[in-house]
Amino acid sequence: MGIVDGKVAIVTGGTRGIGYVIVKEFLKNGAKVALAGSRQETADQALAKLAEEGFADNVMGIAPTLTDPEAVAAAFASVVERFGRLDVLCNNAGVSSREKLVDYTMEEYDRVMDINVKAPFVCSQAAARIMIEQSEGGSIINTSSMVAEYGQPAGCGYPATKFAVNGLTRSLARELAKDHIRVNAVAPGVTKTDMVAALPPEMVERISSGIPLGRVGEPEDIANAFLYLASNQASYVTGVTLRVDGAAMT
Ligand code: NAD
């Protein structure tokens, strides 16, 4: 029995990186999980990998276009049909950006805004409609970033989206509290997904030495924060952006 035992969760971007580990930790802790991928093929590949790791049950894959309200509503309805209810939405899917302002294209700006801000809005709306009808509350957890505290010296669209995520989080927490739907965000620092793991060890060491806790985060560190915020142990916590960054300050 785990801290999210019996809960049904949807995790966007659950096919790899932090999202994949969130899916695994939720399954380990007793939840039923729908992972959302950008394509059904990548969702199916993630399901196959989970099965290899011993997590074949209580998990399904969906692949709606996350900015399309009708596609998202239909995919979320299929989760309720399969698992009977919906308790938790983890808005984890996200893309970053490195372009300098003078080189930014509108395509790049829209790409980052769409997946990082519009998608959490669309998915939160679809999930809240289901949760309000169930009348048993729920938990929506967004993914912010340490850059929503400090900005970054290039790729301004990315921190702009994460500041927006914090605003969405605070506002929806206030709006949905009467329905007992808690809305929080997790703000990871540098986290060892494939991209960070592929960096030369000396670069990872340099990054780590600037972090007060002396290491970059593991995806499990981030997944544990999602688990807590999804669980009943966080029943009086809403509107919070929880930093999980080893007290990094850049
Ligand atoms: P990742 O690139 O490994 O995974 C991103 C996930 O988002 C993938 O599953 C991908 O399929 C999904 N995704 C991307 N575009 C999509 C689209 N158009 N439609 C549907 N799904 C899409 O990245 P990650 O590091 O695991 O990042 C996960 C979240 O954590 C993101 O929101 C990211 O901004 C945030 N974050 C990561 C770090 C870090 O250091 N890794 C730090 C701070 C915040």
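Keep in mind the model is a prediction, meaning the values are calculated, not measured.

1. Overview of the sheet that holds strand β1 (residues 8-12)
Now for step 1: Strand order in this open sheet of seven strands is β3-β2-β1-β4-β5-β6-β7, and the pairing throughout is parallel. A strand with exactly one partner marks an edge of an open sheet, and here the two such strands are β3 (59-62) and β7 (241-244). Going across the sheet, the axis of each strand differs from the next one's by a mean of 20°, ignoring polarity.
Now for step 2: Of the pairings in the sheet, the one linking strand β6 (residues 181-188) to β7 comprises four bridges and is parallel in character. Its bridge partner being in β7, Val186 is matched across the sheet by Leu242.
Now for step 3: Packing of helix α2 (residues 40-52) onto the sheet brings it into contact with β2 (32-36) and β3, and relative to β3 it is tilted by some 160°.
Now for step 4: Along the sheet, helix α6 (residues 157-176) contacts β5 (138-143), β6 and β7; its crossing angle with β6, the most-contacted strand, is approximately 160°.

2. Some words on the side chain of Glu25
Now for step 1: Tracing the chain through its elements places Glu25 in helix α1 (residues 17-28).
Now for step 2: Those residues in contact with Glu25, other than ones at most four positions away along the chain, are Glu220, Ala223 and Leu227.

3. So, the packing of helix α3 (residues 69-83) against helix α4 (residues 106-134)
Now for step 1: Interaxial distance between α3 and α4 falls to 9 Å at its minimum, and their mutual angle equals 40°. Judged on the interaxial angle alone, α4 and α3 are oblique. The element α3 and its partner α4 pack so that their crossing is right-handed. The residues of α4 that touch α3, namely those facing Pro69, Val72, Ala73, Phe76 and Val80, are Val122, Cys123, Ala126, Ala127 and Ile130.
Now for step 2: Considered class by class, the residues forming the contact of α3 with α4 number 10 nonpolar, no polar and no charged.

4. Considerations on the packing of aromatic side chains
Now for step 1: Enumeration according to the criterion identifies zero aromatic pairs in this entry.
Now for step 2: Between the NZ or CZ atom of Lys49 and the centre of the ring of Tyr20, over which it lies, the distance is 4.4 Å.

5. A closer look at the site of the ligand
Now for step 1: Looking at the ligand, there are 22 residues lining it, with Thr15, Ile18, Asn92, Tyr158 and Thr191 nearest.
Now for step 2: A distance of 3.1 Å separates an oxygen atom of the ligand from a polar side-chain atom of Lys162.
Now for step 3: Contact with the protein chains covers 81% of the free accessible surface of the ligand, which is 820 Å².
Now for step 4: Elements with a minimum of two residues in the shell around the ligand: α1 and α6.
Now for step 5: Split into classes, the residues belonging to the shell around the ligand amount to eight nonpolar, 12 polar and two charged.

Here is what the cut-offs are and how they apply
Every chain is numbered on its own, with residues counted from 1 as its sequence reads. Thresholds applied to this predicted model are a pLDDT of at least 70 for local features of residues and 80 or more for the giving and counting of side-chain atom pairs; totals over whole chains, interfaces and linings are not thresholded and use all residues. By convention in this description, side-chain values take in all heavy atoms of the structure and omit both hydrogens and water. For two strands to count as paired, DSSP must find a minimum of two bridges between them. Strands here mean DSSP runs of E at least two residues long; helices mean DSSP runs of H or I at least four residues long; both are numbered from the N terminus. The convention used is that axes are lines fitted to C-alpha atoms, helices contributing only their stretch in contact, and that angles between N-to-C directions extend from 0 to 180 degrees. Any two residues having at least one pair of non-hydrogen atoms within 4.5 Å are treated as being in contact. An angle below 35 degrees is read as roughly parallel, one above 145 as roughly antiparallel, one from 65 to 115 as roughly perpendicular, and any other as oblique. Two helices crossing with the near one rotated counterclockwise from the far one by less than a right angle form a left-handed crossing, whereas a clockwise rotation gives a right-handed crossing. Residue classes follow a fixed rule: Ala, Val, Leu, Ile, Met, Phe, Trp, Tyr, Cys and Pro count as nonpolar, while Asp, Glu, Lys and Arg count as charged, and any other residue, Gly among them, counts as polar. A pair of aromatic rings is counted whenever rings of Phe, Tyr or Trp (Trp by its six-membered ring) have centres within 6.5 Å, and the orientation is called stacked for planes under 30 degrees apart, edge-to-face for over 60 and tilted otherwise. For a lysine, the NZ atom is tested; for an arginine, the CZ atom; a charge sits over a ring if that atom is within 6 Å of the ring centre and within 35 degrees of the ring normal. It suffices for a single heavy atom of a residue to lie within 4 Å of a molecule or strand for the residue to be listed as near it. Polar contacts, as used here, are pairs of N or O atoms within 3.5 Å; protein pairs need one atom able to donate a hydrogen and one able to accept it. Residues neighboring in sequence count only if both atoms are side-chain atoms. Each accessible area value is a Shrake-Rupley result obtained with a 1.4 Å probe; residue values ignore everything except the protein chains displayed when judging cover.

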